[in-house]
Number of protein chains: 2
Amino acid sequence: MSKIYKNVAVWDARRSKAEFCDVEVEGTEFRTVAPAGSLNGENCFDGKRRTAMLPGFVNAHGHASMTLLRGLGEDLPLMEWLQNRIWPVEDRLNKVFVKAGAKQAMLEMLSTGTTCFADMYFFMDGVAEAVLETGMRCGLSRGMIDDKDGEKLRDNIKLAENFNGAGGGLVSVQLGPHAPYTMTFYMLRNVAEVAISKRLGVQLHWLETKDEWKNTSMSGTMTPEQCLENSGLTRVKQLVLSHCVWLDESRLGFYKKDNITLVNNPKSNLKLGSGVAPVAKYLKAGIKIALGTDGASSNNSLDMWEEMRFAALAQKGYFMDPVQLKAEEALKMATYAGAQALGFDKCGLIKEGWKADFMLVDLDSPQYMGWNEDNLAGYLVYSGSSKDVKTTVVNGKTLYECGEFTTLDKEKVIAEALSARSEMTK
Amino acid sequence: MSKIYKNVAVWDARRSKAEFCDVEVEGTEFRTVAPAGSLNGENCFDGKRRTAMLPGFVNAHGHASMTLLRGLGEDLPLMEWLQNRIWPVEDRLNKVFVKAGAKQAMLEMLSTGTTCFADMYFFMDGVAEAVLETGMRCGLSRGMIDDKDGEKLRDNIKLAENFNGAGGGLVSVQLGPHAPYTMTFYMLRNVAEVAISKRLGVQLHWLETKDEWKNTSMSGTMTPEQCLENSGLTRVKQLVLSHCVWLDESRLGFYKKDNITLVNNPKSNLKLGSGVAPVAKYLKAGIKIALGTDGASSNNSLDMWEEMRFAALAQKGYFMDPVQLKAEEALKMATYAGAQALGFDKCGLIKEGWKADFMLVDLDSPQYMGWNEDNLAGYLVYSGSSKDVKTTVVNGKTLYECGEFTTLDKEKVIAEALSARSEMTK
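Quick caveat: nothing in here was measured; it's all calculated off a predicted structure.

Peer 1: An account of the relation of the copies chain A and chain B is requested, with residue identities and associated values reported.
Peer 2: Once chain A is rotated about the relating axis by 180° and shifted along it by 0.0 Å, it coincides with chain B to within an RMSD of 0.0 Å. Such a combination of turn and shift is consistent with a two-fold rotation axis. Every residue of chain A has its C-alpha some distance from the rotation axis, and the shortest such distance is that of K387 of chain A, at 2.9 Å. Comparing contact sets, 100% of the residues at the interface of chain A also lie at the interface in chain B, consistent with an isologous, same-surface contact.

Peer 1: Can you tell me about the interface of chain A and chain B, naming the residues and giving the values?
Peer 2: With 55 residues of chain A at the interface, the matching set in chain B holds 55 residues. Between D75 of chain B and K316 of chain A there is a salt bridge; the shortest N-O distance is 2.7 Å. The leading source of residues in the side of chain A that touches chain B is helix α10 (residues 304-318) of chain A, at six residues.

Peer 1: Could you give me a rundown of the state of the cysteines, with the residues and numbers involved?
Peer 2: In this structure the tally under the stated criterion is zero disulfides over all chains. Its sulfur unpaired, C402 of chain A is 16 Å from the next cysteine sulfur, which belongs to C44 of chain A. By relative accessible area, C402 of chain A is classed as exposed at 56%. Here C116 of chain B is not cross-linked by a disulfide; its sulfur's nearest cysteine counterpart is in C347 of chain B, at 6.0 Å.

Peer 1: An account of the sheet that holds strand β12 (residues 260-264) of chain B is requested, with residue identities and associated values reported.
Peer 2: Residues and elements named next belong to chain B. With respect to topology, eight strands assemble into an open sheet ordered β6-β7-β8-β9-β10-β11-β12-β13, the strand pairing being parallel. The outermost strands of the open sheet, each flanked by one partner alone, are β6 (57-59) and β13 (288-291). Strand after strand, the sheet turns through a mean of 25° between neighbouring axes, direction not considered. The pairing of strand β7 (residues 114-121) with strand β8 (residues 137-144) spans six bridges and is parallel. Looking across to β8, one finds that Y121 is bridged to R142. Of the strands in this sheet, β8, β9 (171-177) and β10 (201-206) are in contact with helix α6 (residues 185-198), which crosses β9 at around 155°. Strand contacts of helix α7 (residues 224-231): β10 and β11 (239-243), with the helix running at about 160° to β10, the strand carrying the most contacts.

Peer 1: Talk me through helix α6 (residues 185-198) of chain A; I want residue IDs and the actual numbers.
Peer 2: All names here are of chain A. Here α6 contains 14 residues, and its C-alpha end-to-end distance of 20 Å stays within 8% of the 20 Å for a straight helix at 1.5 Å per residue. All of the buried residues in α6 are F185, M187, L188, V191, A192, V194 and A195. For α6, the elements touching its buried residues are β8 (137-144), α4 (151-163), β9 (171-177), β10 (201-206) and α7 (224-231). Count one or two residues on from α6 and you reach R199, which has phi positive near 55°.

Peer 1: Explain the environment of G286 of chain A to me, using residue names and the numbers behind them.
Peer 2: Looking at the secondary structure, you find G286 of chain A in the loop between α9 (279-284) and β13 (288-291). Sequence separation between G286 of chain A and D22 of chain A is 264 residues; the distance between their C-alpha atoms is 34 Å.

Peer 1: How would you sum up the environment of E423 of chain B? Please name residues and give values.
Peer 2: Residues and elements named next belong to chain B. Within the fold, E423 resides in helix α14 (residues 410-425). Among the residues examined, E423 registers a relative accessible area of 39% and is labelled partly exposed. It is 48 Å that separates the C-alpha atoms of E423 and K48, two residues lying 375 residues apart in sequence. A polar contact of 3.3 Å, which involves the side chain of E423, links it to the side chain of K426.

Peer 1: Break down the pairing of β10 of chain A for me, with residues and values.
Peer 2: Residues and elements named next belong to chain A. Taking burial as the measure, the six residues of β10 include six buried ones, the bulk of the element. Covered by surrounding structure in β10 are G201, Q203 and H205 together with V202, L204 and W206, the residues of both alternating faces. Summarising the sheet, β9 and β10 pair through two bridges and their orientation is parallel. From the neighbouring strand, Q174 faces β10, where its bridge partner is G201. The pairing of β10 with strand β11 (residues 239-243) spans five bridges and is parallel.

Peer 1: I'd like to hear about the confidence of the model for chain A, residue by residue, with values.
Peer 2: Mean pLDDT over chain A: 97, with 100% of residues reaching 70 or higher. This complex was scored by the predictor with a pTM of 0.98 and an ipTM of 0.97.

Peer 1: Which residues make up the packing of helix α2 (residues 95-111) of chain B against helix α3 (residues 124-134) of chain B, and what are the values?
Peer 2: All names here are of chain B. At a minimum axis distance of 8 Å, the contact between α2 and α3 shows a crossing angle of 40°. Here α2 lies oblique to α3, going by the angle between them. When you trace α2 past α3, the crossing you get is right-handed. For the pair α2 and α3, contact is made by K95, V98, K99, A102, K103, M106 and L110 and by D125, G126, V127, E129, A130, V131, E133 and T134, respectively. Residue composition of the contact of α2 with α3, grouped by class: seven nonpolar, two polar and six charged.

Peer 1: Which residues make up the side chain of T114 of chain A, and what are the values?
Peer 2: Residues and elements named next belong to chain A. Tracing the backbone through its elements, the reader meets T114 in strand β7 (residues 114-121). Its relative accessible area of 0% is what places T114 among the buried residues. When near neighbours in sequence (up to four residues on either side) are disregarded, T114 contacts F57, N59, M109, M136, M304 and T392.

Peer 1: For the pattern of salt bridges, give the residues involved together with the corresponding values.
Peer 2: Residue and element names in this part refer to chain A. Counted according to the given criterion, the structure contains 50 salt bridges over all chains. A salt bridge links R142 to D155; its shortest N-O distance comes to 2.9 Å. Here the residue R142 occupies a position in strand β8, and D155 occupies one in helix α4, the gap between them amounting to 13 residues. Owing to a relative accessible area of 15%, R142 belongs among the buried residues under this scheme. Look at D155 and you get partly exposed, because its relative accessible area is 34%.

Peer 1: Go over the sheet that holds β7 of chain A, please, and point to the residues and values.
Peer 2: All names here are of chain A. Strand order in the open sheet formed by eight strands is β6-β7-β8-β9-β10-β11-β12-β13, with parallel pairing between adjacent strands. Whereas interior strands pair on both sides, the edge strands pair on one side only; in this sheet they are β6 (57-59) and β13. Looking at each pair of strands side by side, their axes are set apart by 25° on average, direction ignored. Contacts from α4 reach β8 and β9 within the one sheet, and its direction differs from that of β8 by about 160°. With respect to the sheet, α7 is in contact with β10 and β11, its orientation differing from that of β10 by roughly 160°.

Peer 1: Go over the packing of aromatic side chains, please, and point to the residues and values.
Peer 2: By the definition in use, this model includes 25 aromatic pairs over all chains. Between the aromatic rings of F185 of chain A and Y186 of chain A, the centroid separation amounts to 5.6 Å while the plane-to-plane angle is 85°, which identifies the pairing as edge-to-face. For F185 of chain A, a relative accessible area of 12% puts it in the buried group. A relative accessible area of 54% places Y186 of chain A in the exposed class. Ring geometry for Y318 of chain B against F319 of chain B: centres 4.9 Å apart, planes inclined by 80°, an arrangement best described as edge-to-face.

Peer 1: Talk me through the side chain of S274 of chain B; I want residue IDs and the actual numbers.
Peer 2: Take S274 of chain B: it is sitting in the loop between α8 (266-271) and α9 (279-284). For S274 of chain B, a relative accessible area of 4% puts it in the buried group. Contacts of S274 of chain B, omitting those with residues within four sequence positions, involve M320 of chain A together with E208, T209, V245, W246 and N269 of chain B.

Peer 1: Report on the pairing of β9 of chain A, specifying residues and quantitative values.
Peer 2: All names here are of chain A. Here β9 lies mainly inside the structure; seven of its seven residues are buried. One ladder, built from seven bridges, connects β8 with β9; its direction is parallel. For G139, the partnering residue across the bridge sits in β9 and is S172. At this point the chain moves from β9, through α6, to the parallel β10, and the crossover so formed is right-handed.

Peer 1: Any details on helix α14 (residues 410-425) of chain A? Residues and values, ideally.
Peer 2: Under the 1.5 Å per step criterion, the end-to-end length of α14 of chain A is 22 Å for 16 residues, consistent within 8% with the ideal 22 Å. Listed as buried for α14 of chain A are V413, I414, A417, A420, R421 and M424 of chain A. In an axial view of α14 of chain A, the angular spread of the buried residues amounts to 125°, which keeps them on one side of the axis. Contacts made by the buried residues of α14 of chain A are with α1 (78-90) and α2 (95-111) of chain A together with α13 (376-383) of chain B.

Reading the values: rules and limits
- Residues numbered from 1 in each chain as written.
- Chains lettered and ligands numbered in written order.
- Predicted model: local features only at pLDDT ≥ 70, side-chain atom pairs only at ≥ 80, totals over all residues.
- Heavy atoms only, no water.
- Least-squares fit on C-alpha atoms with pLDDT ≥ 70 in both.
- Contact = heavy atoms within 4.5 Å.
- Salt bridge = Lys/Arg side-chain N within 4 Å of Asp/Glu carboxyl O.
- Helix = DSSP H or I, 4+ residues; strand = E, 2+ residues; numbered from the N terminus.
- Disulfide = S-S within 2.5 Å.
- Buried < 20%, exposed > 50% of the residue type's maximum accessible area, 1.4 Å probe, protein only.
- Pairing = 2+ DSSP bridges.
- Axes fitted to C-alpha atoms, helices over the stretch in contact; angles between N-to-C directions.
- Expected span 1.5 Å × (residues − 1).
- Polar contact = N/O pair within 3.5 Å; in protein donor to acceptor, adjacent residues only side chain to side chain.
- pLDDT = per-residue confidence, 0-100.
- Parallel < 35°, antiparallel > 145°, perpendicular 65-115°, else oblique.
- Left-handed = near helix turned anticlockwise from the far one by under 90°.
- Nonpolar A, V, L, I, M, F, W, Y, C, P; charged D, E, K, R; others polar.
- Phe/Tyr/Trp six-rings, centres within 6.5 Å; stacked < 30°, edge-to-face > 60°.
- Right-handed = clockwise from strand over helix to strand, strands pointing away.
- Arc of directions from axis to C-beta.

The following block contains the structure:
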């Protein structure tokens, strides 16, 4: 049976404005998107012209299960934090814990309007199971660090064989070489070869910190761009490069490719002291830019509303120019751009025949006073917040509504995550 | 009758940790703060060890009634925005509109845990009336721009005569010379003279933009610090300097004075492209630092949770050092430091005999999973958000509880603000 959402303000990314519409969802798709007043039916929600329907957020880079590690040491120097607080605890990870952490993350993501997320971590079959039980859309990769004997690559391939396309297309699998400083050129070349032959995307951390390239085995023999080109990574189906704080600005043209997306992670980059990626400049160079939260232990939230706000304000501050990174650009980064990067077709816009991944936002709360169809993007990005998200729908199915989850038992999820954390930090 | 709050995690700013306490509020004050399990009584709230009691936020710089102007042009160059969008609309302000805008702001502030705010604007008797009807604590000043004949200063003095100490001490009044580029040295000297003789504080915008000092009539004849010293402003009871993005770092020692507080406005400074005030350095120099949102048209929210997060993350990013501006420092800036700056004694800490201005925060939501007494500050500043604020109490009186306001009629306030906005933007 189809469901009709009447009198909702639909954000139209192509025209950078909202329009009052009636929207029919049938099965997993938007069947009709028509001017308000056109549709009627029995199974009907009336937004009363004070509800926005937005594409669900796509969190294009993160480590969902790191919700388990949140708050384990704050305000510490990077290496002290990693070596003494994070890595010893990560050593005790197992599939059960990772699954519990992923469900904990999904509670937070669904309640804040995120419908799809990218994930790079370990014991990824645990995440895949959690996602399939919950019904979220995701792009999963097995984080590969120092993969001398190719065991981790085989593990990632197995993940793809088992889960790529699972859940009726909800799950996509990418290969996940961690970063150029944790993988050699030859390991990256092996990854690219497999990705090309198996038509898989790749998720990779890229130039997050200022001195990162100096700490790679390739430093001195090739540039970062030569590494991507020569390894074959530029020829994979989709290449998703996260962080990208320290690109050589004279080489931005290189990254303007249909199959490359850079992911901006403004909060994590600030919190860890990595810097500000000048993404306003990247956008001007025609590069595709998506948005992600990174893991909850370096953010510390998985809330894409905040991430949009930090993205836009950080650019204005960095360039000392209030015109940089406009609200509508932040919205596009947080939705459509991420869905494309993870290989989901017809996903990320509210459009007939596209996937019904969306959220309903209550515009009746005080901070929206004065909004209209023309200024909605500014209100959403600069005044909006996740507390106004009333409903989150993925693939046509309502997963979150007014504080309640339809596929997750909130109390049980939190209890299991807490128990995993206790075991790991014993 | 007194009220007891049992089993709440009270943030202890002196020890930088939380402690489970029972707290008794009688009249306008905290009467007892004792270890959990010590108190009992009929009128009792049980926090069940999953509720935090924090001092209410003090929003130390802003223009409350600018809620009316929110969203009137976004992502525009500064002068285009001011000259074409803001100033023409501000020209139509009157007392009724300012009062409506202030009430709109109080809806947003109370629901996000703010108990006290600084305000510099026009028709300030409208704000004073709104505040007294609502019951919030505030420091009010009449914004003075180009006050040749002293009329605005007389208006500000009248505001002080009518409202300083009103509401049983809820209202304090400061003098509000707008900024060094909108007031001459002689006007500032007149303000200082009156402030000293009448024992009033002063609120002043200070070095917000890079070229600000060049655009003052004092440029070339004295330094900013000489202006403060020679005008007498350094000798007023409390001097509150907002923004302070572009202080000369070789002169920071000057600002380390008991009666001077600098206010950090990180979101507004980023959004308008003014830059990042290096407040971590100011703190190291021993300067008092409070936190404020600025007006809602340049932020665009009045949410101090976000402001704390932006403050802390901006410093880490600016200095490229995750150790800068720790969570507990951000909490202190957002509470105690602001109350002191506005001249409120025994306000800003949860302590016996101090003013009962506080919020209750529900720690039972997913993003707090893993918190304890030692790590609470990090959870609050990096993962917390205003959606977890359940109760806001000012001067012992509950003004907000679970979505409901006890002294404001939400629907009526929004309708009146919307009507004011419509009139002003006609």
